[in-house]
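Below, each chain spelled out in residue letters.
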Amino acid sequence: MQQKTILLTGGNRGIGLEICRQLAAIGHCVYLGSRDKGKGEKAIKGFAGDIRIVELNVTDSSSIQLAFDIINKQQSSLDVLINNAGIINDKSTLQVPVEQTKKVFETNFFGAWETTQVFLPLLKNSSEGRIINLSSGMGAMDDLNGGYAAYRLSKWAMNGLTMQFAAELSSTNIKVNSMCPGWVNTDMGGPGAPRTVSEGADTAIWLSTADEIPNGKFIRDRNVIPW
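Residues numbered from 1 in each chain as written. Predicted model: local features only at pLDDT ≥ 70, side-chain atom pairs only at ≥ 80, totals over all residues. Heavy atoms only, no water.

## Observations regarding the packing of helix α3 (residues 61-74) against helix α4 (residues 98-124)
Relative orientation and spacing of two packed helices are given, respectively, by the angle between their axes and the distance between those axes.
Stage number 1. Between α3 and α4, the least distance of the axes is 10 Å, while the angle of their chain directions is 25°. The angle between α3 and α4 falls in the class roughly parallel. Like other packed secondary-structure pairs, α3 and α4 cross with a definite hand, here right-handed. When α3 is examined against α4, the residues Ser 61, Ile 64, Gln 65, Ala 67, Phe 68, Ile 71 and Asn 72 are found in contact with a partner set consisting of Gly 111, Glu 114, Thr 115, Val 118, Phe 119 and Leu 122.
Stage number 2. Here the residues of the contact of α3 with α4 sort into seven nonpolar, five polar and one charged. (Axes fitted to C-alpha atoms, helices over the stretch in contact; angles between N-to-C directions. Helix = DSSP H or I, 4+ residues; strand = E, 2+ residues; numbered from the N terminus. Parallel < 35°, antiparallel > 145°, perpendicular 65-115°, else oblique. Left-handed = near helix turned anticlockwise from the far one by under 90°. Contact = heavy atoms within 4.5 Å. Nonpolar A, V, L, I, M, F, W, Y, C, P; charged D, E, K, R; others polar.)

What follows is the structure, encoded as structure tokens:
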């Protein structure tokens, strides 16, 4: 197995942390992006493998650039970018204040967009770059049925962003996909969620490491699903 260099945003807990743990355990070099470097370092105590904490707030342009500068000094390329950082709001379209919606979009959508733009030079240096956007089935067109408005719409926009990046990078060595981890038992998903973090992380592990993967698709449980 060829070692990959991987960056994941929002990695100090939940699905992101599990993705980092599994990828490092099978021999990859993983940069865990965390807004609070101390929380990231605490989260990985006892983990095996090469996990490096990098302070990264995807809503702060200077933080994204600083993270790039740090990784760029240590690595000649980046093989995988996993845009995992995300927040949720459970209010309906009729109730959610616009300012709260903007905050959700700043993290879930614009944060992923800018992080991808900044790290593209390193991804283009990879022989086979990959961008994985953590989306949700709640953002699928046939599931925009009310509730969690800001979250749903940010993930819908994330899927559109995935399609745009995939189209504009189609002549390069980079593949871009969205994935739905399912309803996972995390702080965000809540204790009633039926899936474990390991189950939620599985598709991201596959998209990061498999020899052959789709491009420009929405994927759940390693299968392409409708947008």
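Here the narrative resumes, following the displayed structure.
## Looking at the pairing of strand β3 (residues 50-55)
Stage number 1. When strand β2 (residues 29-34) meets β3, the two strands line up parallel, connected through six bridges. Pairing of Ser 34 across the sheet is with Glu 55, part of β3.
Stage number 2. A crossover links β2 with its parallel partner β3, the connecting element being helix α2 (residues 37-43), and its sense is right-handed. (Pairing = 2+ DSSP bridges. Right-handed = clockwise from strand over helix to strand, strands pointing away.)

## Some thoughts on helix α6 (residues 197-209)
Stage number 1. For α6, with 13 residues, the first-to-last C-alpha span of 18 Å sits near the 18 Å given by 1.5 Å per residue.
Stage number 2. The largest bend in α6 is about 30°, located at Thr 203.
Stage number 3. When we look at burial in α6, the residues that qualify are Gly 200, Ala 201, Thr 203, Ala 204, Ile 205, Trp 206, Leu 207 and Ser 208.
Stage number 4. Contact partners of the buried residues in α6: α1 (14-25), β4 (80-83), β5 (129-134), β6 (174-179) and β7 (218-220). (Expected span 1.5 Å × (residues − 1). Bend = angle between axes of the 7 residues up to and from the residue. Buried < 20%, exposed > 50% of the residue type's maximum accessible area, 1.4 Å probe, protein only.)

## Focus: the pattern of salt bridges
It is possible for side chains of opposite charge to pair when their charged atoms get near one another.
Stage number 1. According to the stated counting rule, one finds seven salt bridges in the structure shown.
Stage number 2. With its nearest N and O atoms 2.8 Å apart, the salt bridge here joins Glu 18 to Arg 21. Of this pair, Glu 18 and Arg 21 are both found in helix α1, three residues apart, which corresponds to roughly one turn of the helix.
Stage number 3. Taking the relative accessible area as the measure of exposure, Glu 18 reaches 10% and is therefore buried.
Stage number 4. Judged by relative accessible area, Arg 21 falls into the partly exposed class, the value being 32%.
Stage number 5. The closest approach of N and O atoms between Arg 195 and Asp 221, which form a salt bridge, is 2.7 Å. Of this pair, Arg 195 sits in the loop between β6 and α6 while Asp 221 sits in the loop between β7 and β8 (223-225), and the two are 26 residues apart along the sequence.
Stage number 6. The exposure class of Asp 221 is partly exposed, given its relative accessible area of 36%. (Salt bridge = Lys/Arg side-chain N within 4 Å of Asp/Glu carboxyl O.)

## Observations regarding the nonpolar core
Stage number 1. With 28 residues, the main nonpolar core has Ile 19, Leu 23, Leu 32, Ile 82, Ile 132 and Leu 207 as its most contacted residues.
Stage number 2. Those elements that place two or more of their residues in this core are β1 (5-8), α1, β2, β3, β4, β5 and α6.
Stage number 3. Broken down by element, the residue count for this core peaks at six residues, all from α1.
Stage number 4. Apart from residues lying up to four places away in sequence, Ile 132 is in contact with Val 80, Leu 81, Ile 82, Asn 83, Asn 177, Met 179, Ala 204, Leu 207 and Ser 208.
Stage number 5. Grouped together as the second largest cluster of nonpolar side chains are 27 residues, Leu 7, Ile 71, Leu 120 and Phe 165 included. (Core = buried A, V, L, I, M, F, W, Y, C linked by side-chain atoms within 4.5 Å.)

## Considering the sheet that holds β3
Stage number 1. The eight strands lie next to each other as β3-β2-β1-β4-β5-β6-β7-β8, forming an open sheet whose pairing is mixed. Strand pairing shows two members of the sheet lacking a second neighbour, β3 and β8, which therefore form its edges. Put simply, the sheet's adjacent strands are angled 30° from each other on average, direction ignored.
Stage number 2. Sheet strands in contact with α3 are β1, β2 and β3, and its direction is about 145° off that of β3.

## A word on the pairing of β1
Stage number 1. Burial of the side chains of β1 extends over both faces: Thr 5 and Leu 7 are buried on one face and Ile 6 and Leu 8 on the other.
Stage number 2. Relative to β2, β1 is paired through four bridges, and the arrangement is parallel. Opposite Leu 7, over in β2, you have Tyr 31 as the bridge partner.
Stage number 3. What joins β1 to β2 is α1, and the crossover it makes is right-handed.
Stage number 4. Of the pairings in the sheet, the one linking β1 to β4 comprises three bridges and is parallel in character. Residue pairing in the sheet places Leu 7 in a bridge with Leu 81 of β4.

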